[in-house]
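Spelled out, the chains give:
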Amino acid sequence: MPHVVSAAALATEAERLIAESATVLRPDVLAALRAAREAEPSESAREVLDAFIENAAIAAADDVPLCQDTGTLGVFLEVEPGVFIDGDLHEEFAQMMARLWPAQGLRASTVRDALLDRSNPGDNTPAFIEIEQAPHGVHGEVPGVTLSVMLKGAGSDNASRLIMANPAHGIDEIEAVLIDLVHEKASMACPPLIIGIGVGATFDKVGALSKRALLRPLDVLNPHDELAALEARLLAAVNATGIGPAARGGATTALAVHLETAPAHIAALPVAINLGCSALRSRTARIC
């Protein structure tokens, strides 16, 4: 018999996670900002980092949004084998958002159709939902669903890039594209950045891969040693640009670079780079 998780239960848990994400900065991001402030040699950059840290404290204390752009809602579901989701996810999330956005004082930032109808529905719908099956269940536990939510503003999302790279060029091309993007658009994305890079899959899947990379806590190393070393190399290259917090110069242009990889066609190397801002807002929970 399948284990049933209701769409309504997922929406209810998402409501809690979104409300927390909007007002309380992820602890790992806050810790990284504090560490960057202590290590930052530039007085101007330290002032910016102090402002970001103070902003996080005020938002949490007053239960107000960390950023005026409360963005679009990304929902990532990892469904373990043996789980059946009962109900209409899109409808349950739409109803939840219609309650939460005005109650939480979150700005409605979506339009009904990107090309044909750019009127605002007033409730920030829809949720952009990505579903994938987990490779295996959690041993010894009832199977469930891992739910992640992300509030992503346009300033950082617009500062993104997707290319179909040359497999023969590999890492060197990825680094070159990343540094070019940082020089061009880092200032738009409210640095210091958290950078998610997806490599592999297909043209239509690699963007989601780059956003999933942003969900990993900053204090958790990539479990693959080669990728962990590459993340450190890319982070050093980004910080060597000297763009710094709020693009005012300094040693901390990014707090982390995270990579997620996937299989791909032998002739393809899809690469998506998604810049996360200094107020990266996400939460993850497991429901069973």
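Up top you'll find the structure we're talking about.
Residues numbered from 1 in each chain as written. Predicted model: local features only at pLDDT ≥ 70, side-chain atom pairs only at ≥ 80, totals over all residues. Heavy atoms only, no water.

K.L.:
Give me the overall build of the protein chain: which residues, what numbers.
P.N.:
Along the protein chain, the regular secondary structure elements total eight helices and 10 strands. Computed over C-alpha atoms, the radius of gyration of the protein chain comes to 19 Å, within 12% of the 19 Å expected from 2.2 N^0.38 for 288 residues, which places it in the range of a compact globule. Based on the C-alpha atoms only, the size of the protein chain along its principal axes is roughly 55 × 50 × 45 Å. Summarising the internal contacts of the protein chain: among those between residues at least 6 apart in sequence, 82% fall at separations of at least 24. By element, 56% of the accessible surface of the protein chain is carried by carbon and sulfur atoms, the whole surface being about 13,400 Å². In the protein chain, 21 positive and 37 negative side-chain charges are present, and the distance between their average locations comes to 3 Å. (Helix = DSSP H or I, 4+ residues; strand = E, 2+ residues; numbered from the N terminus. Rg over C-alpha atoms; globule rule 2.2 N^0.38 Å. Contact = heavy atoms within 4.5 Å. Areas by Shrake-Rupley, 256 points an atom, 1.4 Å probe, with all protein chains shown as cover. Lys, Arg positive; Asp, Glu negative; His and termini not counted. Charge placed at Lys NZ, Arg CZ, Asp CG, Glu CD.)

K.L.:
Which residues make up helix α2 (residues 27-39), and what values go with them?
P.N.:
For α2, which comprises 13 residues, the first-to-last C-alpha distance of 18 Å matches the rise-based estimate of 18 Å (1.5 Å per residue) to within 8%. The set of residues buried in α2 consists of Asp28, Val29, Leu30, Ala32, Leu33 and Ala36. Buried positions along α2 lie against α3 (43-62), β7 (193-201) and β8 (254-264). (Expected span 1.5 Å × (residues − 1). Buried < 20%, exposed > 50% of the residue type's maximum accessible area, 1.4 Å probe, protein only.)

K.L.:
Describe in detail the pairing of strand β3 (residues 83-86), supporting the description with residues and values.
P.N.:
The side-chain alternation of β3 yields one buried face, formed by Val83 and Ile85, and one unburied face, formed by Phe84 and Asp86. Pairing geometry for strand β1 (residues 3-6) and β3, over four bridges, is parallel. Bridge pairing in β3 links Val5 to Ile85. (Pairing = 2+ DSSP bridges.)

K.L.:
An account of the sheet that holds strand β9 (residues 269-276) is requested, with residue identities and associated values reported.
P.N.:
Across the sheet, which stays open at both edges, the four strands sit in the order β6-β9-β7-β8 with mixed pairing between neighbours. Looking at the sheet topology across the chains shown, the edges are occupied by β6 (161-165) and β8. Across the sheet, the mean angle from the axis of one strand to that of its neighbour is 15°, orientation sign disregarded. Bridging between β7 and β8 involves eight bridges; their strand directions are parallel. Looking at β8, one finds that Ala201 is bridged to Ala264. On top of the sheet, helix α7 (residues 206-213) reaches β6, β7, β8 and β9; it is set at about 140° to β7, its chief contact. (Axes fitted to C-alpha atoms, helices over the stretch in contact; angles between N-to-C directions.)

K.L.:
Which residues make up the pattern of salt bridges, and what values go with them?
P.N.:
Applying the stated criterion to the full structure yields 18 salt bridges. Between Arg37 and Asp50 there is a salt bridge; the shortest N-O distance is 2.8 Å. Of this pair, Arg37 sits in helix α2 while Asp50 sits in helix α3; the two residues are 13 residues apart in sequence, bridging distant segments of the chain. Judged by relative accessible area, which is 24%, Arg37 ranks as partly exposed. One salt bridge connects Glu78 with Arg212, and the closest N-O pair in it is separated by 3.6 Å. With Glu78 in strand β2 (residues 72-79) and Arg212 in helix α7, the pair connects residues that are 134 residues apart, well separated along the chain. Each of Glu13, Arg16, Glu20 and Arg283 takes part in a single network of salt bridges with overlapping partners. (Salt bridge = Lys/Arg side-chain N within 4 Å of Asp/Glu carboxyl O.)

K.L.:
Help me get a handle on helix α8 (residues 225-239), residues and values and all.
P.N.:
Along an α-helix, residues three or four positions apart point the same way, because every turn accommodates 3.6 residues. The terminal C-alpha atoms of α8, which comprises 15 residues, lie 21 Å apart, in line with the 21 Å expected from a rise of 1.5 Å per residue. Within α8 the residues assigned to the buried category are Leu227, Ala228, Leu230, Glu231, Leu234, Ala237, Val238 and Asn239.

K.L.:
Would you mind going over the state of the cysteines in detail, with residue names and values included?
P.N.:
As enumerated under the stated definition, the model contains zero disulfides in all. Cysteine Cys67 shares no disulfide, and the gap to the nearest cysteine sulfur, in Cys277, comes to 6.2 Å. You can call Cys67 partly exposed: its relative accessible area is 26%. Unpaired in terms of disulfides, Cys190 finds its nearest cysteine sulfur in Cys277, a separation of 5.7 Å. You can call Cys190 partly exposed: its relative accessible area is 34%. (Disulfide = S-S within 2.5 Å.)

K.L.:
Pulling in residues and values, what's your account of unusual backbone geometry?
P.N.:
For the bond from Thr125 to Pro126, the omega torsion is 5°, close enough to zero to count as cis. Here Pro126 shows up in the loop between α4 (89-104) and β4 (128-133). Positive phi, close to 55°, is recorded for Asp63, a residue that is not glycine. Counting through the fold element by element, Asp63 comes out in the loop between α3 and β2. A residue is classified by how much of its surface remains accessible, and Asp63, at 47% relative accessible area, is partly exposed. For Cys190, which is not a glycine, the phi torsion comes out positive at approximately 60°.

None of this, on its own, says anything about what the molecule does.
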